[in-house]
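# Summary of the model geometry
Spelled out, the chains give:
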Amino acid sequence: MISTVVWGTGNVGRAAIRAVDAHPALRLAGVLVHDPAKVGRDAGELAGIDRELGVAATGDVGEVLDARPGAVVYASSGDIRPDDALADIVRALHAGSVVVTPALYALYDPRNAPPEVREPVLAAIAAGGGSLFVSGIDPGWGNDVLPLLISGLGSTVETIRCQEIFDYSTYDQPDSVRYLVGMGQPMDYPPPMLAPSVPTMVWGGQIRLMARALGVELDEIRETLDRRALDAGVTTTSMGEFAAGTQGAVRFEVQGIVEGQPRLVIEHVTRIHPSCAPDWPVPADGGAGAHRVIIEGHPRIEVTVEATDEDGNRSAGGNATAVGRLVGAIDWLVAAEPGLYDALDVPLRPAVGKLGRKHP
């Protein structure tokens, strides 16, 4: 079995521990945490599993990597600490591990990644003999392999639209929701995640991946943005109050322009409460979140994915499916040559050995 370390135990890390524990080819060998209060706690407790896994969390990165694990699931956020995340991942690659992570947006499309990100990674792979696969937590499969698979069912394809429709009140990341995305901030507050060129930095790689797979040339990548204020104050279960007049909903698109038209679109529709921007797209069942792919063409094809985890939470469900894609790639990556891989390289495979297994 492949000894596997989970680095980080937040929204992504909890799901990663469960996914590694459930995978028939993997063995959970370590859990790395930043919070001193988590050191010494059992991985099962940190992951919300009702049994111990016999692996105590540690903050000693050197000790864990010196054991040369076969794989590392890097689940720490790169949103507000991209340089630190890159340094951590490079360190794991130097140890010879296969690394899977959603943390480095620039490497969704490694061919077009900036040299300051790509070159240290390639040097670490050459030195250590590991591999790296980066795929999104938004989730990545919803913006690359799923739309590409569905596109093959049509006779003609005019546009491909990938939507994430999400209620942020269920998302356990208050700083990201309030300050990166700007929910609950005055309408003149400039959210860093919505600044011009930032959505392209994050999701442009997936647009380029789809274009490459479809064999089309992009003229450019464009962005659109719309923000709505709350008409009335709301109180959420996990993040408290959001005042009337502050930002309550965001809708943006990252558009791949082909021959002057937006043919490949990644769209995000996010709210802090269902009452805000009710005219914007909503999940078909009115729930807290969904991922949708719409192929305009002949025939028109629409597929909606609604995933739940952690007692019905759709935010957790989205995380779990994205983590499943990453963790499920580990044994393939271990068997492959060392390298820097993207979503078009790594196959999406059936759940071999998992059918009939109970929730961990």
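This structure is a prediction, so every number in the text was calculated from the model and none was measured. Position labels on residues start from 1 in each chain and follow its written sequence. Residues qualify for local features only when their pLDDT is at least 70, as the model is predicted, and side-chain atom pairs are given and counted only at 80 or more; totals for whole chains, interfaces and linings, by contrast, use all residues. Remark: hydrogens and water are excluded; side-chain values derive from all non-hydrogen atoms of the structure.

## Quick word on the sheet that holds strand β2 (residues 26–32)
Strands sit in the order β2-β1-β3-β4-β5-β14 across an open sheet of six strands; the sheet is parallel. Where the open sheet ends on each side, the last strands, each with one partner, are β2 and β14 (339–341). For this sheet, the mean inter-axis angle between neighbouring strands, taken without regard to orientation, is 20°. Across the sheet, helix α4 (residues 82–94) is in contact with β1 (2–7), β3 (71–74), β4 (98–101) and β5 (131–134); its angle to β3 comes to roughly 170°. When checking whether two residues touch, look at their non-hydrogen atoms; a contact exists if any pair is within 4.5 Å. Note on method: axes are straight lines fitted to C-alpha atoms, helices fitted across the in-contact stretch only, with angles between N-to-C directions ranging 0 to 180 degrees. In this text, helices come from DSSP runs of H or I with a minimum length of four residues, and strands from runs of E with a minimum of two, each type numbered from the N-terminal end. Against the sheet, helix α5 (residues 115–128) contacts β5 and β14, and its axis sits at roughly 130° relative to β14. For two strands to be treated as a pair, DSSP must find at least two bridges joining them.

## As for the sheet that holds strand β6 (residues 156–167)
The strand order across the open sheet formed by six strands is β7-β10-β11-β6-β12-β13, and the pairing between neighbours is mixed. For this open sheet the edge positions go to β7 (220–229) and β13 (301–305), each flanked by a neighbour on one side alone. In this sheet, neighbouring strand axes are inclined to one another by 15° on average, regardless of whether the strands run parallel or antiparallel. Strand direction decides the pairing type here: β6 and strand β11 (residues 261–271), joined by eight bridges, are parallel. When the sheet's bridge partners are listed, Phe 166 is paired in β11 with Thr 270. Across the face of the sheet, helix α8 (residues 198–214) comes into contact with β6, β7, β10 (247–258) and β11 while running at roughly 140° to β11.

## Brief notes about helix α1 (residues 11–22)
Across its twelve residues, α1 extends 17 Å between first and last C-alpha, which sits within 8% of the 16 Å expected from 1.5 Å per residue. Each residue is assigned to one of three classes by its accessible area relative to the maximum for its type, calculated with a 1.4 Å probe on protein chains only: buried under 20%, partly exposed between the two thresholds, exposed over 50%. Taken across its twelve residues, α1 has ten buried, putting it largely inside the fold. Residues of α1 that are buried include every one of Asn 11, Val 12, Gly 13, Arg 14, Ala 15, Ala 16, Ile 17, Arg 18, Ala 19 and Val 20, and no others. By definition here, a helix of n residues has an expected span of 1.5 Å times n minus one.

## A closer look at the UniProt feature "domain: Dihydrodipicolinate reductase N-terminal" (unreviewed entry) in the protein
Per the UniProt entry, the sites bearing "domain: Dihydrodipicolinate reductase N-terminal" (unreviewed entry) are residues 4–67 in this numbering. The distance from the first to the last C-alpha atom of residues 4–67 is 11 Å, and the span holds 34% helix and 17% strand. UniProt positions are given in the numbering used here, feature names are shortened, and annotations may be inferred rather than shown by experiment.

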